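Single-letter residue listing:
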Amino acid sequence: MAISTELPQTVNWQGKKVPVYPMQTIDFSRLLSHEPAEVEKLVRCCQTEGYFYLDLQGIDGRRMLDDQQETLRLMHRFFGSPLEVKNEYGLISPHLGYEPVGSRTGVLEDTKDGYEMIKVSRDEIQRDSPHIPRNIKNSPDIKVLENAIAGSNIITKAILSALSTGLGLTGAARFENSHRNHRPSTSTLAMMHYIPSDPVSDKNIGHQKHTDISSLTLLFSEQWGLQIRPPGAREFGFVAPKDGTAIVNVGDSLRFASGHTMQSCIHRVVPLDPTEHRYSIAYFLRAEDDTMFTDSEGRYITAGQWHDEKFFAFIAAPEVQAQAPSSMLLGGMKEEETIVTEAPKEAPSSAVAVDGMKKTAVDVY
Ligand SMILES: O=C(O)CCC(=O)C(=O)O
Ligand SMILES: [Fe+2]
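Remember, predicted model here, so these are calculated numbers, not experimental data. (Residues numbered from 1 in each chain as written. Chains lettered and ligands numbered in written order. Predicted model: local features only at pLDDT ≥ 70, side-chain atom pairs only at ≥ 80, totals over all residues.)

(A) Seen up close, the environment of F79. By the element assignment, F79 lies in helix α3 (residues 59-79). Sequence spacing of F79 and E116 is 37 residues, and the spatial spacing of their C-alpha atoms is 8.2 Å. (Helix = DSSP H or I, 4+ residues; strand = E, 2+ residues; numbered from the N terminus.)

Given below as structure tokens:
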């Protein structure tokens, strides 16, 4: 898509006009130099919204855009291979390995997810011992993955550093100090392929509503499908892909580490175009496993425990998910009551207005 100076305000989806939410843009080059106005803008974005576009078109960021293109080429090849090759190791641990389509709950009621995903662990790449399926394990492919992970790690650490400075944190209290490279963490590069799916007739649809476990997520996708629900919003709306940028969102761990002053972004993925294959790349920068914080339940727990508990809530069946603490899937973020003005044809009439606080993992329309 061309650089979106004139974004549509709404798009038609499922017989409704759905908003396209605007997002602030933060310039990576300015952030690298901790320019005060950019740092202030970053802190404000994280505290009020929890997401922003990161402009990577300057000389320091451009190479990460090249890495993204290389990664996309690798993903096309990987996902085009037979299942037994992709699934050589299966899901080795929650942050590492392959998940076939339909491993989790989907975005609409009574659906399973509509994507397959391969995750590569940053720790394993750093140790030179990655579990990577054989069709992407030759040395040029490993180099592509290494570049993508190292580049994403540098970007997200630069953001953390600017946030620490913006909040006046010093020494051990700075966020970088709980994200040290040599300490074990579940930081990972997730590569996703969404299969074409039609919400009216298919049973594998999108990516369920959630907030991320991570501290920061760096997301690359050139295609529509991501929806967010900004704090205070009454409905989900699309995020427009924007050339030369990544989308960054705050996850639960940074929300907790900031004393719950930053917003963990509520989001999901839906098929805007039911005929399209969609590809996205997410780097999840996670805190060191033994970092302690107070979670949304008021418990003082480790980042590792939060990761594991939330992951198992993610993959649980809807009725089991509904038993989890209400705040777990949304990291303690509250939703306003949902207003859906026009019900889609297939929806039951009870779905016209939905209690946003209901303990379900999916939206009911
Ligand atoms: O595919 C996307 O655009 C978003 C994926 C996502 O939200 C996630 O993996 O946590
Ligand atoms: Fe996410």
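Continuing now.
(B) Broad picture of the UniProt feature "domain: Fe2OG dioxygenase" (unreviewed entry) in the chain. As annotated in UniProt, the feature "domain: Fe2OG dioxygenase" (unreviewed entry) corresponds to residues 184-287 in the numbering used here. Here residues 184-287 is 6% helix and 38% strand, with 9 Å between the C-alpha atoms at its ends. (UniProt positions renumbered as here; feature names shortened; annotations may be inferred.)

(C) Just the pairing of strand β11 (residues 226-229), in detail. Judged by which residues are buried, β11 turns out to be covered on both faces: L226 and I228 on one side and Q227 and R229 on the other are all buried. As judged from the 4 bridges shared by β11 and strand β14 (residues 266-269), these two strands associate in the antiparallel manner. Looking across to β14, one finds that Q227 is bridged to R268. Here β11 pairs with strand β12 (residues 237-238) via 2 bridges, running antiparallel. Each residue of the ladder has a partner; that of I228, found in β12, is G237. (Buried ≥ 20, exposed ≤ 12 C-beta atoms within 10 Å, placed from the backbone. Pairing = 2+ DSSP bridges.)

(D) Quick look at the site of ligand 1. If you check the shell around ligand 1, you find A190, M192, H207, D212, L219, S221, L226, H267, V269, S280 and A282 and nothing else. Among the elements of the structure, β8 (188-194), β14 and β15 (278-285) are those that each provide at least two residues to the shell around ligand 1. Across the shell around ligand 1, the residue classes break down as 6 nonpolar, 4 polar and 1 charged. (Near = placed C-beta within 6 Å. Nonpolar A, V, L, I, M, F, W, Y, C, P; charged D, E, K, R; others polar.)

(E) Inspection of unusual backbone geometry at higher detail. Here Q14, not a glycine, exhibits a phi torsion of approximately 55°, which is positive. Inspection of the secondary structure puts Q14 in the loop between β1 (10-13) and β2 (16-19). C-beta crowding within 10 Å serves as the criterion here: with 18 such atoms nearby, Q14 is assigned to the partly exposed category. Positioned with a positive phi, H34 is a non-glycine residue whose angle comes to about 50°. Within the element layout of this structure, H34 appears in the loop between α1 (28-32) and α2 (36-48). Residue classification places H34 among the partly exposed positions, given that 14 C-beta atoms sit within 10 Å.

(F) The pairing of strand β10 (residues 216-220), seen in detail. The buried count for β10 comes to 5 of 5 residues, which makes it a mostly enclosed element. By the alternation rule, side chains of β10 split into L216, L218 and F220 and T217 and L219, which are all buried. As paired elements, β10 and strand β13 (residues 245-250) share 4 bridges and run antiparallel to each other. When the sheet's bridge partners are listed, L219 is paired in β13 with I247.

(G) Just the confidence of the model for the chain, in detail. Per-chain confidence: the chain averages 90 in pLDDT, with 90% of residues scoring 70 or above. Taken together, the stretch residues 343-365 has pLDDT below 50 and engages in 47 contacts with residues farther than four places along the chain or on a different chain. Model confidence for the complex: the whole-complex pTM is 0.91, and ipTM, which rates the interface, is 0.99. (pLDDT = per-residue confidence, 0-100. Contact = placed C-beta atoms within 7 Å.)

(H) Geometry of α2. For α2, with 13 residues, the first-to-last C-alpha span of 18 Å sits near the 18 Å given by 1.5 Å per residue. Residues of α2 that are buried include every one of V39, L42, C45 and C46, and no others. Projection of α2 onto a plane perpendicular to its axis shows the buried side chains occupying an angular sector of 125°, all on one side. Of the exposed residues in α2, the ones pointing more than 90 degrees away from its buried face are P36, A37 and E40. Just past α2, the residue G50 takes up positive phi, approximately 90°. (Expected span 1.5 Å × (residues − 1). Arc of directions from axis to C-beta.)

(I) Layout of the environment of Q323. Turning to its location among the elements, Q323 is positioned in the loop between α9 (318-321) and β18 (338-339). You can call Q323 exposed: it has 9 C-beta atoms within 10 Å. Placed 26 residues apart in sequence, Q323 and E297 show a C-alpha to C-alpha distance of 14 Å.

(J) Representation of the sheet that holds strand β4 (residues 51-55) in the model. Here 9 strands make up an open sheet; going across it, the order is β3-β4-β13-β10-β15-β8-β7-β6-β5 and the pairing mixed. Among the strands making up the open sheet, the edge pair consists of β3 (25-27) and β5 (91-93). On average, each strand axis in the sheet is inclined to that of its neighbour by 25°, with strand direction left out of account. Summarising the sheet, strand β7 (residues 115-121) and β8 pair through 7 bridges and their orientation is antiparallel. Of the residues in β8, the one forming a bridge with I118 is M191. Where α2 meets the sheet, its contacts fall on β3, β4 and β13, and the angle it forms with β3 comes to roughly 145°. This element, helix α6 (residues 139-166), spans β7, β8, β10, β13 and β15 of the sheet and lies at about 130° to β10. (Axes fitted to C-alpha atoms, helices over the stretch in contact; angles between N-to-C directions.)

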